[in-house]
Amino acid sequence: RGIVFAVLARWLGLRRGAYAALAAFGCFHLMNIVIGMPVAGALAQTVLAFMSGSILLLAAIATRSLWIPMIGHGLYDFFVFDIARMVQASGGSSIASLVVMANGIVLAVICLVLISRMPGEEPYPS
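These numbers were taken from a predicted model, which means no experiment stands behind them. Per chain, residue numbering runs from 1 following the sequence as it is written. Where totals are concerned, whole chains, interfaces and linings use all residues; where local detail is concerned, this predicted model gives features only for residues with pLDDT of at least 70, and gives and counts side-chain atom pairs only at 80 or more. For the side-chain quantities, the full set of heavy atoms in the structure was used; hydrogens and water were omitted.

S.K.: Even after reading the chapter, I still don't get the side chain of Thr 46, so can you show me in this structure?
M.R.: Mapping Thr 46 onto the fold places it in helix α3 (residues 39–63). Note on classification: 1.4 Å probe, protein chains only; a residue is buried when its accessible area is under 20% of the maximum for its type, exposed when over 50%, partly exposed between these limits. Overall, the relative accessible area of 13% leaves Thr 46 in the buried class. Engagement of the side chain of Thr 46 in a polar contact is seen with the backbone oxygen of Ala 42, the distance being 2.8 Å. Contacts are assigned to residue pairs that have any heavy atoms within 4.5 Å of one another. Excluding residues that lie within four positions of it along the chain, Thr 46 makes contacts with Gly 26, Cys 27, His 29 and Leu 30. In this description a helix means any DSSP run of H or I spanning at least four residues, a strand means any run of E spanning at least two, and both kinds are numbered starting from the N terminus. A 3.5 Å cut-off defines polar contacts: any pair of N or O atoms within that distance qualifies, except that in protein one atom must be a possible hydrogen donor and the other a possible acceptor, and neighbouring residues in sequence count only when both atoms are side-chain atoms.

Below, the structure written as structure tokens:
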């Protein structure tokens, strides 16, 4: 994903490359339809992946590393999916998962605004 972003940013400029990489990352989740996920669920995942991807993308640009975004992605998946499944299996409700998702959505909107304000140059000039 980081390489795709770097290539797209060089071809299209930083902002358009960022949005193209986010769209590709989001659309990649549409493949879940093939494994039987309902279309509405896959579309929701696509939108959430686009939005959460904006947070990870800015983290990659800010740190010039993929480690922080990779760790962030793993933590997000753990909180939103794994904890929710564990709580659901025990018959309870997962407030923690909902709080993490709500905070993520707010942060993603902020990150999308920040991406729209980035300069048009490449993120990693040679």
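S.K.: Is there a simple way to explain helix α1 (residues 2–12) in this structure?
M.R.: One full turn of an α-helix is made of 3.6 residues, so residues set three or four places apart face in the same direction. Of all the residues in α1, the buried ones are Phe 5, Leu 8 and Ala 9. For α1, the angular spread of the buried residues around the axis is 100°, confining them to a single face. The exposed residues of α1 that point more than 90 degrees off its buried face are Ile 3 and Trp 11. Residues of α1 that are buried make contact with α2 (14–28) and α3. Where α1 terminates, the next one or two residues include Gly 13, which has phi positive at roughly 95°. An arc is given here, and it is the one of the directions from the helix axis to the C-beta atoms.

S.K.: What exactly am I supposed to notice about unusual backbone geometry here?
M.R.: It is generally the case that most residues other than glycine have a negative phi and that most peptide bonds are trans. A positive phi angle, near 55°, is found at Arg 64, a position not held by glycine. Mapped onto the elements of the fold, Arg 64 is located in the loop between α3 and α4 (67–89).

S.K.: Help me understand the environment of Arg 10 in this model?
M.R.: By the secondary structure assignment, Arg 10 is in helix α1. Classification of Arg 10 by relative accessible area gives partly exposed; the value is 44%.

S.K.: How should the packing of α1 against α2 be read in this particular structure?
M.R.: When two helices pack together, their arrangement is given by the angle between the helix axes and by the axis-to-axis distance. At a closest axis distance of 7 Å, the pairing of α1 and α2 adopts a crossing angle of 140°. As judged from the angle between their axes, α1 and α2 are oblique. Seen along the crossing, α1 lies across α2 with a hand that is right-handed. Along its contact with α1, which presents Phe 5, Leu 8, Ala 9 and Leu 12, the element α2 presents Leu 14, Arg 16, Gly 17, Ala 18, Ala 20 and Ala 21. Residues are grouped as follows: Ala, Val, Leu, Ile, Met, Phe, Trp, Tyr, Cys and Pro are nonpolar; Asp, Glu, Lys and Arg are charged; all remaining types, including Gly, are polar. Tallied by class, residues from the contact of α1 with α2 come to eight nonpolar, one polar and one charged. Orientation is described by axes fitted as lines to C-alpha atoms, over the contacting stretch for helices, and by angles from 0 to 180 degrees between their N-to-C directions. Angle categories are assigned with fixed cut-offs, so that under 35 degrees is roughly parallel, over 145 is roughly antiparallel, 65 to 115 is roughly perpendicular, and the rest are oblique. If you view the pair so one helix is near and one far, a crossing is left-handed when the near helix is turned anticlockwise from the far one by less than a right angle, and right-handed when it is turned clockwise.

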